[in-house]
Amino acid sequence: MPFTPPPRKKFPQPAIHSELTLDRMAQKRRDTAWVKQRLADKNSRFLLFADLALAVDSNADRSATRLRWYEAEDLARLGVDLAGAILLGCNAKGHAIFAASLGAAEAVAAPGGMDALKPLVDLRSLAMQGALTPRDLSLAAMGRALAAWHDVTICCGRCGGHTKACDAGWRRHCRACGRDFFPRTDPAVIVLITRRSRCLLGHHKRYAHKFYSTLAGFVEPGEDIEACVRREMREETGLTIGEVSYLASQPWPFPHLLMIGCRAEALTAQLRIEKEELHDARWFTRDEVREMMAGKHGEGISVPGPHSIAHALIKSFVDSGG
Ligand SMILES: [Zn+2]
């Protein structure tokens, strides 16, 4: 397929700001002596997940939330086995950053129990709220995606044998049959459908009342991104999609998705909504969308907040016209 560059002038590339300033140190993951030194280094810092919830420092309404950094000795006191820590990388000072993870039972059994770790927060709600800086959210998202992958890869998918973590948390090896497993990322598309001067936003059954967003779906095996966009949007809305262009992407660690943000030009306008998932979908003008983003829409309709790719896609639509 020939590559068509995104139409930047007509449709601005949305900014997601999810790039990490961290050096992932991929070349050092297999250097067990180096990893051991970093685990013992006083300057190394650890994020802690308990049952995949992140330990943070925060106020009651989560409006002022910061990552909580542990030192190795703090974690040892909590009974965390540092041998299972996942190397996220090294920061600008060259200090190692790890993620450590406790299962639900381990967290309850830790000295002081879950209470000693609180507040423990669901990263998804923090992401939706925009409570963390984009950089910190990216870091926590990386840790959560890896911790979630370890959780479901304890046993070998081929023979059922037990696997062990290797390469500073970036590989699991089956003790029985020798098969290796690597962290996975599942692609999904998130799509801003436009037709002339309007865009389509949908209200999913799982969304809050009067909350509308871009539509999304999983890329299936054997499918390229364009085909996925056309199939998913046809299934959900009945629309025929013409040109599909890539705009931006965002890692979404629930459990380990890569959201691929696209714009899709609808060739038809008549909607036939798939009611199983989608409660409603409507065409909106730029003025209406602008009001939603400002929280001033006449019907009280709202859209996703900053830091989400859905917001960036919707904003790029508003910014692309008068
Ligand atoms: Zn096996």
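Everything numeric here is computed off the predicted structure, so don't read it as measured data. (Residues numbered from 1 in each chain as written. Predicted model: local features only at pLDDT ≥ 70, side-chain atom pairs only at ≥ 80, totals over all residues. Heavy atoms only, no water.)

A.B. asks: Before we go on, may I ask you to explain the pairing of strand E11 (residues 198-204) in this structure?
C.D. replies: Sheet faces and side chains relate simply in a regular strand, where the side chains alternate between the two faces. Counting buried residues in E11 gives six out of seven residues, a clear majority hidden from the surface. Relative to E11, strand E10 (residues 186-195) is paired through three bridges, and the arrangement is antiparallel. Residue pairing for E11: Ile 193 is matched across the bridge by Leu 200. What sits between E10 and E11 in their antiparallel hairpin is a turn of two residues, with Arg 196 showing a positive phi close to 55°. By the bridge criterion, seven bridges tie E11 to strand E15 (residues 278-285) in an arrangement that is antiparallel. Bridge pairing in E15 places Cys 199 opposite Phe 284. (Buried < 20%, exposed > 50% of the residue type's maximum accessible area, 1.4 Å probe, protein only. Helix = DSSP H or I, 4+ residues; strand = E, 2+ residues; numbered from the N terminus. Pairing = 2+ DSSP bridges.)

A.B. asks: Would you mind going over the environment of His 150 with me for this structure?
C.D. replies: If you trace the backbone, His 150 turns up in helix H5 (residues 134-151). Looking at His 150, the relative accessible area reads 10%, which means it is buried. Apart from residues no more than four positions distant in its own chain, His 150 is found in contact with Ile 86, Ala 165, Gly 169 and Arg 172. (Contact = heavy atoms within 4.5 Å.)

A.B. asks: Mind showing me how you'd approach the packing of aromatic side chains here?
C.D. replies: Each aromatic ring pair is described using two quantities: the centre-to-centre distance and the angle formed by the ring planes. A full pass over the atoms with the stated rule returns four aromatic pairs. Centroid distance Tyr 207 to Phe 211: 5.1 Å. Interplanar angle 85°. Geometry classified as edge-to-face. Just as Tyr 207 is buried, Phe 211 falls in that class too. Sitting above the plane of the Trp 170 ring, Arg 29 keeps its charged end 3.6 Å from the centroid. Lying over the aromatic face of Phe 317, Arg 286 brings its terminal NZ or CZ to 4.4 Å of the ring centre. (Phe/Tyr/Trp six-rings, centres within 6.5 Å; stacked < 30°, edge-to-face > 60°. Lys NZ or Arg CZ within 6 Å of the ring centre and 35° of its normal.)

A.B. asks: Sorry, what's going on with the side chain of His 297 here?
C.D. replies: By secondary structure assignment, the location of His 297 is in the loop between helix H7 (286-293) and helix H8 (309-319). With residues near it in sequence (within four places) discarded, His 297 still touches Glu 288, Glu 291 and Met 292.

A.B. asks: What's the story with the nonpolar core in this structure? I'm lost.
C.D. replies: Taken as a class, soluble globular proteins show a tendency for nonpolar side chains to be buried jointly. Membership of the largest hydrophobic core comes to 46 residues, with the highest contact counts inside it found for Leu 54, Leu 88, Leu 123 and Leu 201. Excluding residues that lie within four positions of it along the chain, Leu 123 makes contacts with Leu 54, Leu 132, Leu 137, Ala 140, Ala 141, Arg 144, Pro 253 and Phe 254. Ala 50, Ala 55, Tyr 70 and Leu 82 belong to the second largest nonpolar core, which has 24 residues in total. (Core = buried A, V, L, I, M, F, W, Y, C linked by side-chain atoms within 4.5 Å.)

A.B. asks: Is there a simple way to think about H8 in this case?
C.D. replies: Three or four residues apart is the spacing at which side chains of an α-helix point the same way, because the helix has 3.6 residues per turn. Counting buried residues in H8 gives nine out of eleven residues, a clear majority hidden from the surface. Of the residues making up H8, those classed as buried are Ile 309, Ala 310, His 311, Ala 312, Leu 313, Ile 314, Ser 316, Phe 317 and Val 318.

A.B. asks: It is not clear to me how the layout of surface pockets should be interpreted in this structure. Could you clarify?
C.D. replies: It is the rolling of a water-molecule-sized probe over the atoms that shows where space remains empty. One number sums up the size of the largest pocket: a volume of about 740 Å³. Lining the largest pocket are 28 residues, and of these Arg 124, Arg 206, Tyr 207, Trp 252 and Met 259 sit closest to its centre. If you list the elements that add at least two residues to the lining of the largest pocket, you get helix H4 (123-129), E10, strand E12 (215-218), helix H6 (225-237), strand E13 (241-252), strand E14 (257-266) and H8. The biggest single contributor to the lining of the largest pocket is E12, with four residues. (1 Å grid on protein atoms, 1.4 Å probe; cavity = no way out; pocket = protein on both sides within 12 Å on 5 of 7 lines; lining within 4 Å. Points joined across faces, edges and corners; volume = space filled by probe spheres on them.)

By themselves, these observations are geometric and do not establish any function.
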